[in-house]
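Read off the chains here:
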Amino acid sequence: MSSKSLILYLFFILGILFCCLHLFSQKEFEKSNSPNIKELYNDLYNKEAFDSIIQLASNPLFATQIEHAKCNDRGGVYHVIGKAFYVVNEETKAIEYFEKALRTYLASCDGNKEEDIINLYYNIGIAYQYTNTISKGKTYLDTALTRIQGLPAYPEDQKALKYQGIGNYYSELRDFMKAESFLQEAVRKSDLLDDYDAFYVHIDLLGLYLKFANYELAQVQSTLIENKYINTALVDDPVSVAIYFLNAAEVLLHQKQYDKVEAYVKKAQDLLPVEEYGLRSNAHEILGVLYFTTKAFDKSRQENELAYQLRTENEEIIEVNLAKSFSLENFSEIELAAGNEDKALKFINEAIANAAFGYKLDSIHNPIVNGQKFLHPVHLIRQLILKGRVFHALAQKEDGRNNYIKSIHTFASADSMIGKALNDVMMDQSKLSILELNKTYTHIPIDACMKLQSITSNASWIEQAFYISSKSKARVLQSYTSKNLHLNDSLYQKYTELSSELTRLQSQSLDKGWDNASSEQFALIQSQLQLVQPDSISAEVTTVDDLAGIISHLNQKELLLEAREMPDGFIIFEVSKKLGLQHRMIKGPQFAKKCADHKRTVERPASKVR
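Below, the structure is looked at part by part. (Residues numbered from 1 in each chain as written. Predicted model: local features only at pLDDT ≥ 70, side-chain atom pairs only at ≥ 80, totals over all residues. Heavy atoms only, no water.)

### Brief notes about the overall build of the protein
- Along the protein, the regular secondary structure elements total 28 helices and three strands.
- Classification of the 610 residues of the protein by burial places 55% in the buried group.
- Counted over contacts in the protein with a minimum sequence separation of 6, partners at least 24 positions apart contribute 67%.
- Accessible surface, the protein: about 26,500 Å² in total, of which carbon and sulfur atoms supply 51%. (Helix = DSSP H or I, 4+ residues; strand = E, 2+ residues; numbered from the N terminus. Buried < 20%, exposed > 50% of the residue type's maximum accessible area, 1.4 Å probe, protein only. Contact = heavy atoms within 4.5 Å. Areas by Shrake-Rupley, 256 points an atom, 1.4 Å probe, with all protein chains shown as cover.)

Here it is as structure tokens:
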């Protein structure tokens, strides 16, 4: 979809069927204090009595009861409680109980099953992807993978499922290359799974390609799924088939096969039960994007209203605030295209408030970017860029100085958010996908600066335009990645500090305007930034070819995805066309230092860089 079109993010969420709540009296609870406590909890979990498990765990007698259980039973009960919290979307509590189970096993239990310990490391890592500290999950997943590699008898079908989950984790972390590698490895092993599990492995890979706008690969994957699973009725569950049709409709939308989009969405709508609120809202949103793209704004508005209504009336939709923010963002795009800037501003402010739920906003309702981690920074970047466009359109219509300043301030907020997002991702493919959000609209804040210089005759706006055009985070890192260079960590840290100070000055000028002291400080920081630009520090960066020579044990047909130091060794991820994904631990401090300094690929195929 073009950058001026509505952005579509689908939440393909399978509803979880809960059994009716089991209310345990105190007497019944005491009856559960038996040698079979682990079996009791497992039985409740198998019956999907998740609320009952949580209720039992919150009983004041639970601590005494669990203390007297056998060590392995105690660890097993903690694990089940964690899974129950995870199912009801309380990931922080889930992690708490998973870690209790892990500590119990590792500290005091004899005769543990290695598979149970692997599952705990894996579950903790996966649970972190739904928190605002998602990157903490990497160490746990690395440990799970390392222990799997050390267990020759580990079942291959379980490997496929683990790779699927880890691939989705790295997709959330916006590490495209690792996400693709794990999901492709899961696809290669999918014949070992039952038809439905294999189907969803393929669906997840399709979702990854859609998320990272790789529509050619998405088309190939969509066709494969349709031929293998849908046309053959290998998968005939109505909801599962509907999920495929919605994914396929999005592919067709980006392929501009507009006549087929409606047909595929209609197929999905005919299959979806009334209670599938999330998927039904996605269907309306796809149609809303279709009609927006074809400039049928009234029909687009109608479909987006239906999507928003479903998301507002059904709070049980997972990440409902984010889902609502997408609808509100769509409303803003529609109103901006129709020339209704005031309405567009109202909607985009509401969208940002939902996407940044729980975070502080500044005086013009932008999220305040300090040291905190945002759960959805990429979505907020996109929404801030849209808001900057709205302010700019208002300023052009009213020739308003304040709206030009607000537009610049909002683009500066987006730039700060880009800095945070870039710090939170590992691979250059992810960085490029983030930078792509900003570069299309860089001319807007530059134009606003030039208009303000014309209005105020203040030369500092020329300096500001120069900063935006050459020294914003997006522009600097675009230069690095386009030259295929490695950014020295200490220099990048210095660059980040200087850029943050410029952002502070920009924010200050919103309310107070530019004075001589601020202009002098701005100029000084700009001169310091010159020292950390690519052309100035060529000796401090290392090209991919140099790194290939350092890591001589890797064949040129292999790809080093990441190398990371661990407490008891060093983890490397490699991809080989011959052997697929490899994950192993090695020793050697010199090798560790070299890899840690560069964290990049030995060979980065051009087809992977967008």
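### Regarding helix α18 (residues 341-355)
- With 15 residues, α18 should reach 21 Å at 1.5 Å per residue; the first-to-last C-alpha distance of 21 Å fits that figure.
- Within α18, burial applies to E341, A344, L345, F347, I348, N349, A351, I352, N354 and A355.
- Structurally, α18 contributes buried residues whose contacts are with α17 (320-337) and α19 (377-398). (Expected span 1.5 Å × (residues − 1).)

### Here's the deal with the pattern of salt bridges
- Applying the stated criterion across every chain, the model contains 17 salt bridges.
- A salt bridge links D270 to K266, with the nearest nitrogen and oxygen atoms 2.9 Å apart. Taken as a pair, D270 and K266 lie in helix α14 (residues 258-271) at a separation of four residues, close to a single helical turn.
- We classify K266 as partly exposed; its relative accessible area is 44%.
- Bridged by salt links that share partners, the residues E156, K159 and K189 form one connected network. (Salt bridge = Lys/Arg side-chain N within 4 Å of Asp/Glu carboxyl O.)

### Quick word on helix α6 (residues 91-108)
- Helix length check: α6 (18 residues) gives 25 Å between terminal C-alpha atoms against 26 Å at 1.5 Å per residue, within 8%.
- Within the sequence span of α6, burial applies to E91, A94, I95, Y97, F98, E99, A101, L102, T104 and Y105.

### Considerations on the packing of helix α11 (residues 195-211) against helix α13 (residues 238-254)
- Look at α11 against α13: their axes get within 11 Å of each other, and the N-to-C directions meet at 20 degrees. Relative to α13, α11 is oriented roughly parallel. Crossing of α11 over α13 shows left-handed handedness. Residues Y196, F199, Y200, I203, L206, G207 and L210 of α11 pack against S240, I243, Y244, N247, E250 and V251 of α13.
- Class assignment for the residues of the contact of α11 with α13 results in nine nonpolar, three polar and one charged. (Axes fitted to C-alpha atoms, helices over the stretch in contact; angles between N-to-C directions. Parallel < 35°, antiparallel > 145°, perpendicular 65-115°, else oblique. Left-handed = near helix turned anticlockwise from the far one by under 90°. Nonpolar A, V, L, I, M, F, W, Y, C, P; charged D, E, K, R; others polar.)

### Description of the state of the cysteines
- This structure, assessed with the given rule, holds one disulfide.
- Covalently, C71 is tied to C109 through a disulfide, its sulfur atoms 1.8 Å apart. With the S-S bond torsion at -100 degrees, the cross-link from C71 to C109 turns out left-handed. One end of the pair, C71, is in helix α5 (residues 71-87); the other, C109, is in the loop between α6 and α7 (114-127), with 38 residues separating them in the sequence. For the pair C71 and C109, a shared accessibility class is recorded, and that class is buried. (Disulfide = S-S within 2.5 Å.)

### Details of the nonpolar core
- Counting 99 residues, the largest nonpolar core has Y41, I81, Y170, F182, F199, Y244 and V261 as its most contacted members.
- Examining the composition of this core, we find that 12 residues originate from one element, α13, more than from any other.
- Counting residues in each nonpolar core, the second largest holds 31 residues, with A393, L394, A421 and Y441 among its members. (Core = buried A, V, L, I, M, F, W, Y, C linked by side-chain atoms within 4.5 Å.)

### Here's the deal with the side chain of S332
- For S332, the location among the structural elements is in helix α17.
- Once residues within four sequence positions are removed from consideration, S332 is found in contact with A344, F347, I348, L386 and V390.

### Considerations on the packing of aromatic side chains
- What the rule picks out here adds up to 19 aromatic pairs.
- Taking 5.0 Å as the distance between ring centres and 80 degrees as the angle between the ring planes, the aromatic pair formed by F199 and Y200 counts as edge-to-face. For the residue pair F199 and Y200, the accessibility class agrees, reading buried in each case.
- Three or more aromatic residues joined by ring pairs make a cluster, and in this case those are Y163, Y169, Y170 and F182.
- Note that K83 overlies the ring of Y45, its terminal NZ or CZ placed 4.6 Å from the centroid. (Phe/Tyr/Trp six-rings, centres within 6.5 Å; stacked < 30°, edge-to-face > 60°. Lys NZ or Arg CZ within 6 Å of the ring centre and 35° of its normal.)

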